[in-house]
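Geometric and topological summary
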Amino acid sequence: MKPHAPLGLQQTAAPPDALGRVLGDLRISVIDRCNFRCPYCMPEEAYPADHAFLRARDRLDFDEIERIARVFVSLGVKKLRLTGGEPLLRRDLPGLVAELAAIEGVEDLALTTNGALLPKLAQPLRDAGLQRITLSMDSVDPAIFRRMSGGRGEVADVEAAIAAAERAGFGPLKINCVVMRGVNDDGVLDLVTRFRGTGHVLRFIEYMDVGTVNGWRGDRVVPGVELVRRIDARWPLQALPRSATSTSRRWRFRDGAGEVGFINSVTEPFCGGCTRARLSADGKLYTCLFAHAGHDLRALLRAGESDEALRATVAGIWSHRGDRYSERRAELRAAGVLEHVEMYRIGG
Ligand code: SAM
Ligand code: SF4
Ligand code: SF4
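Below: a short report on this structure. (Residues numbered from 1 in each chain as written. Chains lettered and ligands numbered in written order. Predicted model: local features only at pLDDT ≥ 70, side-chain atom pairs only at ≥ 80, totals over all residues. Heavy atoms only, no water.)

**Some words on the site of ligand 3**
- Residues in close proximity to ligand 3 include Arg-21, Phe-270, Cys-271, Cys-274, Arg-278, Cys-288, Leu-289, Phe-290, Arg-321, Asp-323, Tyr-325 and Ser-326, which together make up its full environment.
- A class-by-class count of the residues in the shell around ligand 3 yields seven nonpolar, one polar and four charged. (Near = heavy atom within 4 Å. Nonpolar A, V, L, I, M, F, W, Y, C, P; charged D, E, K, R; others polar.)

Next up, the structure:
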């Protein structure tokens, strides 16, 4: 597909937000449905089979997503990530990837997925221009993995997804593991064993109080620093330098077997470097993972707003952004500020 010409759209970066952070990334949720029911995200009790998810007409179509992405790129976004719910449930996802890959100025186009449907889609996604894949894998133990996926997923399927991604020519994968104390934290060293020396980068994510229904409790969070100590005792680690906007604290194995990352969003918040905007499948723009409301871009698109008007709206929203929930978590929770958008709607 030929690159889209900028169509006269101005190409000037959005003004920094109220805390001086520049707009750098857009995460695009393409669907709110999921084939898993991970207890930390979409617990089965809260999302039974008859749950009312978005109807197809409520979701942005591919041209609408492409248009919004192009507006963000004109404002300085260089990285796009597709997410969900489970993004691979969205029909013809490679078609969307091809549209996004053709936008001039996109330097990084990535996908986060649970992998269950990846074996069939890895090659078409690669051919369409997808650059990187992050897979979620919370355990190598089949029984614990099943529990962490709400009884829907199998470790063997994630292994098949990894093999398919490798065959399709994707470079090193990122493998995300959410750690919950008393549920899967015993399996951390087994996960490290699985990925050491493979080139893939395992990242442990602290269990977060996203949404309103995951029953979050602080005592279920395993601080990243505790995991570093446990891993270092078995395979000595050395800290790697951290970039100002990176969410992950990276450590290398001193024996040369690669690296491991820690996303310590609860115990070591990184709001100061947060350059991300998030778009829900129904076209709402969220400026924080913990926002309680989004800005309705779909309404503007469907009312016939021009690209320039959309640009001005998005730039205005970004310039007023003052979010830093994770840095204020204790204070806000104590004050009863618990209304957050659900994670499956904006995809983490
Ligand atoms: N369904 C896809 C997947 O699971 O990879 C993409 C969407 S999922 C919401 C994106 C990421 O958010 C996953 O890696 C998941 O583990 C993470 N996540 C979901 N709920 C979380 C929570 N409560 N705390 C920390 N990470 C969470
Ligand atoms: Fe689905 Fe991903 Fe949420 Fe698990 S973390 S329920 S796979 S959206
Ligand atoms: Fe960004 Fe909000 Fe997370 Fe802070 S809490 S890092 S502002 S998404």
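That covers the picture; the talk isn't over yet.
**Comments concerning the pairing of strand E5 (residues 174-179)**
- Here E5 lies mainly inside the structure; five of its six residues are buried.
- Judged from the six bridges that link them, E5 and strand E6 (residues 201-206) form a sheet pairing that is parallel. Looking across to E6, one finds that Lys-174 is bridged to Val-201.
- For the segment spanning E5, helix H6 (residues 188-195) and E6, crossover handedness is right-handed. (Buried < 20%, exposed > 50% of the residue type's maximum accessible area, 1.4 Å probe, protein only. Helix = DSSP H or I, 4+ residues; strand = E, 2+ residues; numbered from the N terminus. Pairing = 2+ DSSP bridges. Right-handed = clockwise from strand over helix to strand, strands pointing away.)

**Here's the deal with the site of ligand 1**
- Around ligand 1, 19 residues are found, and the nearest of them are Tyr-40, Gly-85, Ser-136, Val-178 and Met-208.
- With respect to ligand 1, the side chain of Glu-86 contributes an N or O atom lying 3.2 Å from a nitrogen atom.
- Within the contact set of ligand 1, a nitrogen atom lies 3.4 Å away from a side-chain nitrogen or oxygen of Asn-214.
- Look at ligand 1: alone it shows 540 Å² of surface, and the protein chains cover 95% of it.
- When contributions to the shell around ligand 1 are tallied by element, the ones reaching two or more residues are strand E3 (108-113), E5 and E6.
- Here the shell around ligand 1 is built from residues that sort into eight nonpolar, nine polar and two charged. (Polar contact = N/O pair within 3.5 Å; in protein donor to acceptor, adjacent residues only side chain to side chain. Areas by Shrake-Rupley, 256 points an atom, 1.4 Å probe, with all protein chains shown as cover.)

**Thoughts on the nonpolar core**
- If you look at the biggest cluster of nonpolar residues, it comprises 106 residues, and the most contacted ones within it are Ile-28, Phe-72, Leu-100 and Phe-204.
- Residue contributions to this core peak at seven residues, all from helix H1 (residues 62-74).
- Residues contacting Ile-28, with those up to four places away along its chain left out, are Ile-65, Ala-69, Leu-80, Arg-81, Leu-82, Thr-83, Leu-100 and Leu-279. (Core = buried A, V, L, I, M, F, W, Y, C linked by side-chain atoms within 4.5 Å. Contact = heavy atoms within 4.5 Å.)

**Describing the packing of aromatic side chains**
- Evaluated as defined, the whole model comprises five aromatic pairs.
- Looking at Arg-196, its charged tip hangs above the ring of Phe-253, at a distance of 4.8 Å from the centre.
- One cation-aromatic arrangement involves Arg-329 over Phe-290; the distance from NZ or CZ to the ring centre is 5.3 Å. (Phe/Tyr/Trp six-rings, centres within 6.5 Å; stacked < 30°, edge-to-face > 60°. Lys NZ or Arg CZ within 6 Å of the ring centre and 35° of its normal.)

**Looking at the packing of helix H3 (residues 118-128) against helix H5 (residues 155-167)**
- Close contact between H3 and H5 brings their axes to 8 Å; oriented N to C, the two are set at 20 degrees. Here H5 runs roughly parallel to H3, going by the angle between their axes. You can see that H3 and H5 cross each other, and the crossing is right-handed. On H5, the residues touching Leu-118, Pro-119, Ala-122 and Gln-123 of H3 are Ala-160, Ala-161, Ala-164, Ala-165 and Arg-167. (Axes fitted to C-alpha atoms, helices over the stretch in contact; angles between N-to-C directions. Parallel < 35°, antiparallel > 145°, perpendicular 65-115°, else oblique. Left-handed = near helix turned anticlockwise from the far one by under 90°.)

Keep in mind that these numbers describe shape and distance, not what the molecule does.
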